[in-house]
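# Observations on chain architecture
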Amino acid sequence: MRGIPSDLRMLFWLGAGPALAAAAFGARLAQPAKAAPTGAVPVRVERAGEGYRLLRDGKPYFVRGAGGTMYLDSLQASGGNSIRTWGADALEPILGRAQELGLTVTVGIWLGQPRQGFNYGDAAQVNRQIETARGFIRRYRNHPAVLMWGLGNEMEAAGDDSRIWTAVNDLAKMAKQEDPAHPTMTVIAEIGESGKKARQFSALCPDVDVLGINSYAGLGSLSKRLKEAEFRRPYVVTEFGPAGHWEVAKTAWGAPVEPTSTKKAETYLANYQAAVQGQAACLGAYVFLWGHKQEATSTWFGMFLPSGERTAPVDAMTFAWTGKWPENRAPELPRVELAATGGKVAPAALMTAHAAAKDPDGDPLVCRWEVRSESTDRREGGDREAEPAVHPEAFVEAKGLDFTFRAPKREGAYRLFCYVYDGKGHAATANIPFLVAKP
């Protein structure tokens, strides 16, 4: 219980439940805020009926956000109003660009990860982390684009180590001393079995204003599960998108089956409407990822292609944020068909594939195909991965939405990628894992 203020600590010692703890937290929110630093736009969390709301410069502010720092003009045009970062890299120009576009930034302060060797039982390490964060907050606290401080991302693992929660709470107390104008938030990976992580947060982080929750396949049921865990604190969905590669069906050889961009868009919109819109304690959400990256595959989480084309999840979020679909939408690609029994092919076999694609606006489509090795550089927590090799030697013929290729000679796991372009800045993606093996 180290780091918990004496009034709340007494409640926990006396066996108070989540409701009483939440009431105490609400009373703490109601206390008068200190004056904001010069230049900062003050932001605070306040009670609103049975839930909470965010106030920025005294006005209600619901986060319509995206994770990432790319394509910010497109984010603003799509109805977004905020971005989330994970660390301090190149923050100065990011804040400046956000300010130009009228966007805010939940500024990530990266905290040590036990899986990467950080020891929350080492007081010297923990204190150095606090002082590093202090300097970071002092440097950026007056920037008008700052919305909140994001204290770490998924450091909690299973959520059993109370030292991590205590360290986060101590960081939040420091942040409030240095910058009373902006709330603090820490980010966890889902809420744990039976809401264990959410309850740990409630008990051990009373000085953290907001809980950030990264949720993918489980987002649709998140509000229900928070209610069952008797969680009564404000929260933001800090990452959401398609089902993660750890949450989907796998082939017989262990390759995760990625949904098409069309299927992903349906998931983005349905889960956002179910778990973010209309939830009294939810302050908004950050969709993941407003950009592109390699994680399991080169297309799994990115909402844009490296060449800049928008995919259907961008359209879905535009509708979620504005209530209107874009004038021109991404192509639809519900499936790709590969003539391979059980996904297994012989080395150097001649193969055919077809993209079942169409364009909602009637735009002519161009199809590009690519054979890649299956990713072997698999990391945890979104850490950087190397892109697997491309096999241009596999190409035989591409005609319309059909593709003929020759399977690699070397046995192993591969993927056939399909990219469909409408020539108007939009694209659709799909891929099929296949295994090259001797009969």
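This text gives an overview of the structure that appears in the document.

Rules used in this analysis
- Residues numbered from 1 in each chain as written.
- Predicted model: local features only at pLDDT ≥ 70, side-chain atom pairs only at ≥ 80, totals over all residues.
- Heavy atoms only, no water.
- Helix = DSSP H or I, 4+ residues; strand = E, 2+ residues; numbered from the N terminus.
- Buried < 20%, exposed > 50% of the residue type's maximum accessible area, 1.4 Å probe, protein only.
- Contact = heavy atoms within 4.5 Å.
- Areas by Shrake-Rupley, 256 points an atom, 1.4 Å probe, with all protein chains shown as cover.
- Salt bridge = Lys/Arg side-chain N within 4 Å of Asp/Glu carboxyl O.
- Phe/Tyr/Trp six-rings, centres within 6.5 Å; stacked < 30°, edge-to-face > 60°.
- Lys NZ or Arg CZ within 6 Å of the ring centre and 35° of its normal.
- Pairing = 2+ DSSP bridges.
- Axes fitted to C-alpha atoms, helices over the stretch in contact; angles between N-to-C directions.
- Parallel < 35°, antiparallel > 145°, perpendicular 65-115°, else oblique.
- Left-handed = near helix turned anticlockwise from the far one by under 90°.
- Nonpolar A, V, L, I, M, F, W, Y, C, P; charged D, E, K, R; others polar.

## What to know about the overall build of the protein
Scanning the protein for helices and strands turns up ten helices and 19 strands. Dimensions of the protein, computed from the C-alpha atoms along their principal axes, are close to 70 × 45 × 40 Å. Among the 439 residues that make up the protein, the fraction classed as buried is 55%. The contacts of the protein with a sequence gap of at least 6 include a subset with a gap of at least 24, amounting to 69%. Just so you have it, the protein exposes about 18600 Å², and 52% of that area is on carbon and sulfur atoms.

## Notes on the environment of Ala398
Of note, Ala398 is situated in strand β16 (residues 395–399). Residue Ala398 is classed as partly exposed on the basis of its relative accessible area, which comes to 38%. Distance in space between the C-alpha atoms of Ala398 and Ala353 is 9.6 Å, their sequence separation being 45 residues. Residues in contact with Ala398, not counting those within four places in the same chain, are Trp369 and Phe403.

## Looking at the pattern of salt bridges
According to the stated counting rule, one finds 26 salt bridges in the structure shown. Put simply, Glu92 and Arg139 hold a salt bridge, and the shortest N to O gap is 3.4 Å. Here Glu92, found in helix α4 (residues 91–101), pairs with Arg139, found in helix α5 (residues 123–140); they are 47 residues apart in sequence, far enough to count as distant. Looking at Glu92, the relative accessible area reads 46%, which means it is partly exposed.

## Remarks on the packing of aromatic side chains
Under the criterion given, the structure shown has 22 aromatic pairs. On the basis of an interplanar angle of 40° and a centroid distance of 5.9 Å, the ring pair of Trp290 and Trp321 is categorised as tilted. Within this pair, whereas Trp290 is found in the loop between β11 (282–287) and α10 (312–322), its partner Trp321 is found in helix α10, the two being separated by 31 residues in sequence. Exposure class is identical for Trp290 and Trp321. Each is buried. One Lys or Arg, Arg329, reaches over the ring of Trp325 and ends 3.8 Å from the middle of that ring. Over the ring of Tyr419 we find Arg368; its NZ or CZ atom is 4.2 Å from the centre of that ring.

## So, the sheet that holds strand β1 (residues 43–48)
Strand order in this open sheet of three strands is β1-β2-β3, and the pairing throughout is antiparallel. The open sheet has two edge strands with one neighbour each: β1 and β3 (59–60). Both strand β2 (residues 51–56) and β3 contribute to a ladder of two bridges, which runs antiparallel. Directly across from Arg56, in β3, lies its bridge partner Lys59.

## Concerning the sheet that holds strand β14 (residues 350–358)
Overall, antiparallel pairing links the four strands, which are arranged β12-β14-β17-β16 in an open sheet. Either end of the sheet is taken by a strand with one partner, and the two such strands are β12 (332–338) and β16. Strand-to-strand twist across the sheet, computed as the mean angle between neighbouring axes with direction ignored, equals 15°. For β14 and strand β17 (residues 402–406), the ladder comprises five bridges, and the chain directions are antiparallel. Of the residues in β17, the one forming a bridge with Leu350 is Arg406.

## Details of the packing of helix α9 (residues 261–275) against α10
Remark: α9 packs on α10, axes separated minimally by 7 Å, with the N-to-C direction vectors making an angle of 25°. Considering the angle they form, α9 stands roughly parallel to α10. Where α9 crosses over α10, the two elements pack in a sense that is right-handed. Side by side, α9 and α10 meet where Ser261, Lys264, Ala265, Tyr268, Leu269, Tyr272 and Gln273 of the first sit next to Ala312, Pro313, Ala316, Met317, Phe319, Ala320 and Trp321 of the second. Here the contact of α9 with α10 is built from residues that sort into eleven nonpolar, two polar and one charged.

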